[in-house]
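Architecture and fold: a report
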Amino acid sequence: GLIDKNVIGYRTSRFLADRVDTVAKELDEIEQKAEAFKRANKITDITAASGDYLTRATEYDKMEVIQVGQIRLLRSLEESIRNSKSFTDIIPAASGIDEPTLMSLIQQYNQTVLDYQAQSKISTEKDPTIGRIKDELTNIKGNILKNIKSIESSYETNLKQIDDKYNNFEGLIAGIPEKEREFVKLKRQIGVKEQLYLYLLQKKEENELSLVSNINNTRVVDPAFDQGVVLPKSTQIKTFSIILGIIIPIAIMLLLDFFNNKILDRKEIEEGTKVPLIGEISYNKKQQNLVLNSKSRSALAEQFRLIRTNLQYIINEDHAKTIMVTSFMSGEGKSFISLNLASSLAVGGFKVLLIELDLRKPKFVKYLDVKPEFGLTDTIVKNMDFDKIIYRLNKLDNVDIITSGPVPPNPTELIMNERVNELFCFAKQHYDYIVVDTSPVGLVADAFLLNKYADVSLFILRHKYSLKTTIKYVERLHSENKFNRLSIVVNGIIESPGYGYGYNYGYGYGYGYGYGYGYHNGGGYYQEDTEPGTVQKWLTGKRKR
C-alpha cells in the first residue's frame, strides 16, 4: 500500500531531477557567455538606463518564464500520457500547474489505475470488471488530454500578449548602445534561468517531503508464531521418492527390453539356437571395407583371424573348400565379412577365389574400387571362359574375385544355370578356398539354390540391427538341415558396458598373446591355448579358466 502511494511521488521526483539538471547546464552556459562577453568588451559598469531596462525586462521575462514553464510542463505531461501504453502506468503529478480540473482528473485516473492493478491480481483479462476499468481509464485519459490542450491554448494566448508588450518595450530602449544591450540580454537570461532553477529546486524539495510524510495504513495486531510443519510430512515424501526412484528406472528398463526387437546379447543367440557361434566382429568405426592384410594388427584383424582358425576346425577334416556367406536381410554385413574372410584366408597362405553371387545388389565393385570388364552374368549369358571374368586384386595377394557383372532381370534363373555348376568345379580345381557372397535368405531364395555347392555356411547377424526373430529362423534352418554346416558370425558389435554385447566378453587383442580364443559349438567349447597346435575339446560345456 505504501509503494502504491509513493508511485506518483517517485515519478515526479525523477521528472524534477531531470529538469533541474537541464536548467543547471543551461544556466552555466549563459553565465560563461556573459563572462566572456564582459572580458571581450571590457564592460565594468551598467548605466542607470540599463538598470531600469533590466528591471522592467526582468519583470516581463518572469511572466514569460512562468508561461513557458507551464506550457513545457503541460507538453511534458501530455507526452508522458501519450507514450503510456499500459493500463498500469501512473500519471506523474503536474507540479506548478494550478488547474483544479486537471489535477482532479489526474488524481481520478491514478486511483483508477490502482484499482485496476488490485483487480488484475484476482481476475483474468476476460473478466467484465477488468474491461470496465479499462474503458474508464481510456475515457479519463481522453478527458485529461483534452483539458491539457485547452489549458495549453490559454497559456499560449497569455504568452503572445506578454511578447507583444515586450516588443513594444524593446522599441523604447533601442537607443541603448549595442554592446551594453547584448550584455543586458545575457544578464536577463541569467536571471530567468536562476528563477527557473530555484523554482524547480523548491518543487523538488516539496515532493521529497511529501514522499517522506507518506505512512502505511496497516498495523500489526498480533505477531505470527510458528507451530511447526504440519503438512507435507518429510518422511512420507522421502519414502515416496525412494520408491519412485526404484520403480521408475526398473519400469523403463523392462519397457525398453520388452519393446526392443533387436539382438543385444550373445546369451540371446546361445539360448535361441544350437547353431555354433564361431566369431564376433566389432563395430567398424573407421568405415573401412577392407580391414585385414598381412600387416594388420588391429582388433578387427585379429577377430577375422579367429574366425579363420575356428573354420579350420570345421572344414579341414573333409578338405572342404567352399564357404557361403548369407544373412536374413540387407545391411547385416555379408559383403564386408566375405571380403575380409577371403583376405584372412589369403594371408594364411591359401589361394582364394571370392565370388559375388548377390546378383540383385552387388557391392564389391564399390567396396574395392575396381572396374572389371566382365562379370558372372557375362559367362552365364554369353558362355565366356572363366579366365576372362576372374579379376586379380592388386590390394590383396592370393585373392581373385569374380564380380556379379550387370544386374540381370532374372537372377534366380541364372543361378540355376549349368554354367554355375561348371564355375564351382573349375574353382575347386584351381583354388584352395572359395568364398561366396549371396543374397539375403529372408528376401529371396538364391542362397538355398547355392547351398549344394557350399561346404560351410556362415549366417551373419548384426548387433543391435538384426531382429530377435532371426535367431528362431536360423534354428529352423539348422533343424531342417537346409544349409551345410551352418555357423553364426555376429557383426558390428557395439560396446556398451554392463548391458548386452560389450565388456562382458573378455576378448582382448594386441601384440602379446597371453591367453587363448574360443568358440561355442552347441554342447561344448573349443579352446586354442597359447601354444600353437594345442586343441582341447570340452563336451561337458564347462567353462575353462
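Each chain has its residues counted from 1, following the order in which its sequence is written. Residues qualify for local features only when their pLDDT is at least 70, as the model is predicted, and side-chain atom pairs are given and counted only at 80 or more; totals for whole chains, interfaces and linings, by contrast, use all residues. Values reported for side chains reflect all heavy atoms of the structure, with hydrogen atoms and water molecules removed beforehand.

Moving on, we come to the overall build of the chain. Secondary structure is summarised from DSSP: a helix means a run of H or I of at least four residues, a strand means a run of E of at least two, and numbering begins at the N terminus for each. In terms of regular secondary structure, the chain is built from 16 helices and eleven strands. Burial status follows relative accessibility: with a 1.4 Å probe on protein chains alone, a residue under 20% of its type maximum counts as buried, one over 50% as exposed, and anything between as partly exposed. When each of the 545 residues of the chain is scored for burial, the buried share is 40%. A contact between two residues is defined here by any heavy atoms of the two lying within 4.5 Å. Relative to all contacts within the chain whose residues are 6 or more apart in sequence, the contacts with residues 24 or more apart total 77%. For accessible areas, the Shrake-Rupley method is used with a probe of radius 1.4 Å. Any residue's cover is judged against the shown protein chains and nothing else. For the chain, the exposed area adds up to about 31,300 Å²; of that, 53% sits on carbon and sulfur atoms.

Here we take up helix H3 (residues 100-120). For a helix, the expected span equals 1.5 Å multiplied by the residue count minus one. Here H3 is 21 residues long and its end C-alpha atoms lie 30 Å apart, about the 30 Å a rise of 1.5 Å per residue gives. Every buried residue of H3 is listed here: Leu102, Leu105, Ile106, Tyr109, Asn110, Thr112, Val113, Tyr116 and Gln119.

Next up on the list: the packing of helix H8 (residues 299-315) against helix H9 (residues 334-347). Axis definition: a line fit to C-alpha positions, over the contact stretch in the case of helices; interaxial angles, taken between N-to-C directions, run 0 to 180 degrees. Their axes nearest at 9 Å, the elements H8 and H9 cross at an angle of 70 degrees. On the basis of their axis angle, the class for H8 and H9 is roughly perpendicular. Along the contact surface, H8 presents Phe304, Arg305, Ile307, Arg308 and Leu311, while H9 presents Phe336, Ile337, Asn340, Leu341, Ser344, Leu345 and Val347. Ten residues, namely Ala, Val, Leu, Ile, Met, Phe, Trp, Tyr, Cys and Pro, are considered nonpolar, four, namely Asp, Glu, Lys and Arg, are considered charged, and the remaining ones, Gly among them, are considered polar. Counted by class, the contact of H8 with H9 contains eight nonpolar, two polar and two charged residues. An angle below 35 degrees is read as roughly parallel, one above 145 as roughly antiparallel, one from 65 to 115 as roughly perpendicular, and any other as oblique.

Okay, a nonpolar patch on the surface next. The patches reported here contain residues having more than 30% relative accessible area and no salt bridge. Joining distances are 9 Å for like charges and 5 Å for nonpolar side chains (Val, Leu, Ile, Met, Phe, Trp, Tyr). Within this document, salt bridges are pairs made up of a side-chain nitrogen of Lys or Arg and a carboxyl oxygen of Asp or Glu, the two lying within 4 Å of each other. Among the surface-exposed residues, Ile242, Ile243, Ile246, Ile247, Ile250 and Leu254 lie close enough to one another that they form a single nonpolar patch of about 580 Å² accessible area. Tracing the sequence through the fold places Leu254 in helix H6 (residues 234-259). Classification of Leu254 by relative accessible area gives exposed; the value is 57%.

Centres within 6.5 Å make a pair out of two Phe, Tyr or Trp rings, where for Trp the six-membered ring is used; the pair is then stacked when the planes are under 30 degrees apart, edge-to-face when over 60, and tilted otherwise. For the structure on display, the rule yields six aromatic pairs. The interplanar angle of 90 degrees and the centroid separation of 5.0 Å between the aromatic rings of Phe350 and Tyr433 together place this pair among those described as edge-to-face. One end of the pair, Phe350, is in the loop between H9 and strand S3 (352-356); the other, Tyr433, is in strand S6 (residues 433-437), and 83 residues separate them in sequence. Residue class for Phe350 comes out partly exposed when judged on its relative accessible area of 24%. Taking 4.5 Å as the distance between ring centres and 5 degrees as the angle between the ring planes, the aromatic pair formed by Phe424 and Tyr453 counts as stacked. On the criterion of sequence distance, the pair formed by Phe424 in helix H14 (residues 418-430) and Tyr453 in the loop between helix H15 (446-450) and strand S7 (456-462) is long-range, its members being 29 residues apart. Under the relative-accessibility criterion, Tyr453 is labelled buried at 7%. Here the basic side chain of Lys351 rests over the ring of Tyr431, its NZ or CZ set 5.1 Å away from the ring centre. Just above the ring of Tyr465 sits the side chain of Arg462; from NZ or CZ to the centre is 4.8 Å. Two thresholds decide whether a charge sits over a ring: the Lys NZ or Arg CZ must be within 6 Å of the ring centre and within 35 degrees of the ring normal.

Taken as a whole and assessed by the stated rule, the structure comprises 15 salt bridges. Between Glu136 and Arg132 there is a salt bridge whose closest N-O contact spans 3.8 Å. Taken together, the residues Glu136 and Arg132, both in helix H4 (residues 128-172) and four residues apart, mark about one turn of the helix. Assessed through its relative accessible area of 48%, Arg132 is described here as partly exposed. Here Glu422 ties to Arg419 by a salt bridge, and the two come within 2.9 Å at their closest N and O atoms. Here Glu422 pairs with Arg419, and both are found in helix H14, just three residues apart, close to one helical turn. Residue classification places Arg419 among the buried residues on the basis of a relative accessible area of 14%. Among the charged side chains, a salt-bridge network with shared partners connects Arg266, Glu270 and Glu280.

Below, the discussion takes up the pairing of strand S2 (residues 322-327). Most of S2 sits out of view: six of its six residues are buried. Here S2 shows a buried face lined by Thr322, Met324 and Thr326 and a second buried face lined by Ile323, Val325 and Ser327. A pair of strands counts as paired when DSSP detects no fewer than two bridges linking them. Here S2 runs beside S6; their pairing, made up of four bridges, is parallel. Across the sheet, the residue bridging to Ile323 is Val435, located in S6. Where S2 and S7 come together, five bridges link them in parallel fashion. Among the inter-strand pairings, Thr326 is bridged to a residue of S7, identified as Phe459.

What follows covers a negative patch on the surface. Think of it this way: Lys and Arg go in the positive column, Asp and Glu in the negative one, and His and the chain ends go nowhere. Each charge is placed at NZ for Lys, CZ for Arg, CG for Asp and CD for Glu. There is a patch of like negative charges on the surface, built from Asp28, Glu29, Glu31 and Glu194. The leading source of residues in the negative patch is helix H1 (residues 2-41), at three residues.

This brings us to the nonpolar core. Within the largest apolar cluster, 41 residues are counted, with the highest numbers of intra-cluster contacts made by Ile269, Ile355, Ile402, Phe424, Leu450, Phe459 and Ile488. Contacts of Phe424, omitting those with residues within four sequence positions, involve Thr322, Ile355, Leu357, Ile434, Val436, Leu450 and Tyr453. Membership of the second largest hydrophobic core comes to 32 residues, among which are Leu354, Leu396, Leu458 and Val489. Among buried residues, the Ala, Val, Leu, Ile, Met, Phe, Trp, Tyr and Cys ones that are joined through side-chain atoms within 4.5 Å form a nonpolar core.

What follows covers the side chain of Asp446. Tracing the backbone shows Asp446 in helix H15. Each polar contact in these results corresponds to two N or O atoms within 3.5 Å; when the atoms are within protein, one needs to be able to donate a hydrogen and the other to accept it, and residues that are neighboring in sequence are counted only if both atoms are side-chain atoms. Within polar-contact distance, the side chain of Asp446 engages the side chain of Thr412 at 3.2 Å. Polar contacts involving the side chain of Asp446 include one to the side chain of Ser439, which spans 3.3 Å. If we ignore the near neighbours within four places in the chain, the residues touching Asp446 are Arg360, Thr412, Ile415 and Ser439.

Right, let's talk about the pairing of strand S1 (residues 277-282) for a bit. Burial within S1 is extensive, with five of its six residues counted as buried. Where S1 and strand S8 (residues 486-493) come together, four bridges link them in parallel fashion. Within S8, the position partnered with Ser282 by the bridge is Ile493.

Looking now at the environment of Ile130. Among the structural elements, Ile130 can be located in helix H4. Along the chain, Ile130 and Ser120 lie ten residues apart, while their C-alpha atoms are 7.0 Å from each other.

In this section: the confidence of the model for the chain. When pLDDT is averaged along the chain, the result is 77; 81% of the residues meet or exceed 70. Counting contacts from residues 498-545, a segment whose pLDDT is below 50, to residues more than four positions away or on other chains yields 89 contacts. For every residue, the predictor reports its confidence as pLDDT, a number between 0 and 100.

What follows is about unusual backbone geometry. For Lys464, which is not a glycine, the phi torsion comes out positive at approximately 60 degrees. Relative to the assigned elements, Lys464 resides in the loop between S7 and helix H16 (469-479). We classify Lys464 as partly exposed; its relative accessible area is 37%. In this structure, Arg485 is a non-glycine residue whose phi angle is positive, near 45 degrees.

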